[in-house]
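As a plain string of letters, each chain reads:
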Amino acid sequence: MGNIADYLDWRGDVTFETDPFNEVDNLILSELVYTNFGGIVPASFDESISIREAHDRFFASYTDEEIMAQVSTVKMAPYIMDHMIGSKRFEDLTLCGYVNEISNEDQVQFSAMTCNLPDGTVYVAYRGTDNSLIGWKEDFNMSFLYETPGQKSAAVYLSQNFSDETRPIRVGGHSKGGNFAVFASAFCDKKVQKKIIEVYSNDGPGFRREVLDADGYKTILPKVISTLPEQSLVGVLLGSEKLQHRFVKSSNSGLMQHDALS
């Protein structure tokens, strides 16, 4: 069964001008943000780095042995760049606004990155749970807190950095990153919210009743595209009523279907 790497190999020569941005492109960027771009992708929005330069600098800093030695379900994420840099579809992609915050005290694991697309739009990618203990603690906190520190940071990231943005905005993420994408789009500054054209949740968990009943959530709901594997165990957690899920096949089974590369 083909995955996003195969998609880039088969369809990477097709530009966005020929075939507009789609759900698979979104999943690629949601996987890309799992890469440790600290010291590589600028935190600033005043400068950016090309996907090829990000690729070259990352693999100059980390060996295959170091990457494969990680105890992580998303350690293969950097290798998606091997397929992106050789494609007409993504060769002009630039990256900026990288942030990666982990706080034991606040029990928050938050990471995001902004992708400047060749089609004249911007995609804000939120990282899902990494292999840190704090990341998993925050997942648990989502079950009983109206707003976790990570969710709040996600909304602030949109509000502070895109108030003057003139391009259409897409927002997305995988796993907890998908939850952050929906939450941020629902509770960001209303001026920014109006610029959002699509929100992608890739097997992202839902929300508590207080969020589902909020006006901001109801406003953004028609723009949310939720994709789940057939045996989803993460995306069905908490509430997501009135949200139309799209189910796709996976080459894995059970919990391993959560892997975006399956």
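Placed above this text is the structure.
Bear in mind the structure is a predicted one, so any value in this text is a computation, not a measurement. (Residues numbered from 1 in each chain as written. Predicted model: local features only at pLDDT ≥ 70, side-chain atom pairs only at ≥ 80, totals over all residues. Heavy atoms only, no water.)

What about the pairing of strand E6 (residues 196–202)?
By the criterion of burial, E6 is predominantly enclosed, with 5 of the 7 residues buried. By the bridge criterion, 6 bridges tie strand E5 (residues 169–174) to E6 in an arrangement that is parallel. Bridge pairing links Ile169 to Ile196 in E6. Bridging between E6 and strand E7 (residues 224–229) involves 4 bridges; their strand directions are parallel. Bridge assignment links Asn202 to a residue of E7, and that residue is Thr227. (Buried < 20%, exposed > 50% of the residue type's maximum accessible area, 1.4 Å probe, protein only. Helix = DSSP H or I, 4+ residues; strand = E, 2+ residues; numbered from the N terminus. Pairing = 2+ DSSP bridges.)

Some points on the pairing of E5
Within E5, 6 of the 6 residues are buried, which leaves the element mostly enclosed by the surrounding structure. Burial along E5 is two-sided: Ile169, Val171 and Gly173 and Arg170, Gly172 and His174, pointing in opposite directions, are all buried. Inspection of the sheet shows strand E4 (residues 122–126) paired to E5 by 5 bridges, in the parallel sense. Looking at E5, one finds that Tyr126 is bridged to Gly173.

Topic: the pattern of salt bridges
The full count for this structure, using the stated rule, is 8 salt bridges. For the salt bridge of Arg11 with Asp19, the shortest nitrogen-to-oxygen distance reads 3.8 Å. Note on Arg11: relative accessible area 41%, which makes it partly exposed. Of the charged contacts in the structure, one is a salt bridge between Asp119 and Arg170, with a shortest N-O distance of 3.3 Å. Placement of Asp119 in the loop between strand E3 (108–116) and E4 and of Arg170 in strand E5 is noted, with a sequence separation of 51 residues between them. Owing to a relative accessible area of 8%, Arg170 belongs among the buried residues under this scheme. Put simply, Asp119, Arg170 and Glu198 are held in one network by salt bridges that share partners. (Salt bridge = Lys/Arg side-chain N within 4 Å of Asp/Glu carboxyl O.)

A short note on the packing of aromatic side chains
Enumeration according to the criterion identifies 19 aromatic pairs in this entry. Residues Phe58 and Phe59 carry aromatic rings whose centres are separated by 5.1 Å and whose planes lie at 85 degrees to one another, so their mutual orientation is edge-to-face. Under the relative-accessibility criterion, Phe58 is labelled buried at 3%. One aromatic cluster is present, formed by Phe37, Phe58, Phe59, Tyr62, Tyr79 and Tyr98 through successive ring pairs. (Phe/Tyr/Trp six-rings, centres within 6.5 Å; stacked < 30°, edge-to-face > 60°.)

Some details on the nonpolar core
Nonpolar side chains in soluble globular proteins tend to be buried together. The biggest cluster of nonpolar side chains holds 37 residues, and the ones touching the most others in it are Leu29, Leu32, Phe37, Met84, Leu93 and Leu95. Looking at this core, the elements that each hand over two or more residues are helix H1 (4–11), helix H2 (23–32), helix H3 (51–61), helix H5 (80–84), strand E2 (94–103), E3 and E4. Apart from the residues lying within four places of it in its own chain, the contact partners of Leu29 are Phe21, Met84, Phe90, Leu93, Cys115, Leu117, Tyr123 and Ala125. In terms of nonpolar packing, the next biggest core, distinct from the first, is built from 31 residues, Val122, Ala154, Val211 and Val224 among them. (Core = buried A, V, L, I, M, F, W, Y, C linked by side-chain atoms within 4.5 Å. Contact = heavy atoms within 4.5 Å.)

A word on H2
Two residues of an α-helix separated by three or four positions point the same way, owing to the 3.6 residues in each turn. Of all 10 residues in H2, 8 are buried; the element is thus mostly enclosed. For H2, every residue scored as buried is listed here: Asp25, Asn26, Leu27, Ile28, Leu29, Ser30, Glu31 and Leu32. Put simply, Asn22 is the residue that caps the front of H2, since its side-chain oxygen is 2.8 Å from the backbone nitrogen of Val24. (Polar contact = N/O pair within 3.5 Å; in protein donor to acceptor, adjacent residues only side chain to side chain.)

Considering the layout of surface pockets
The space that makes up the second largest pocket amounts to roughly 410 Å³. Along its surface, the second largest pocket is lined by 24 residues, and Leu27, Thr227, Val248, Lys249 and Ala260 are the ones closest to its centre. Counting residues per element, the lining of the second largest pocket draws most heavily on H2, which supplies 4 residues. In the lining of the second largest pocket, the residues fall into 9 nonpolar, 10 polar and 5 charged. (1 Å grid on protein atoms, 1.4 Å probe; cavity = no way out; pocket = protein on both sides within 12 Å on 5 of 7 lines; lining within 4 Å. Points joined across faces, edges and corners; volume = space filled by probe spheres on them. Nonpolar A, V, L, I, M, F, W, Y, C, P; charged D, E, K, R; others polar.)

Geometric values such as these leave the question of function open.
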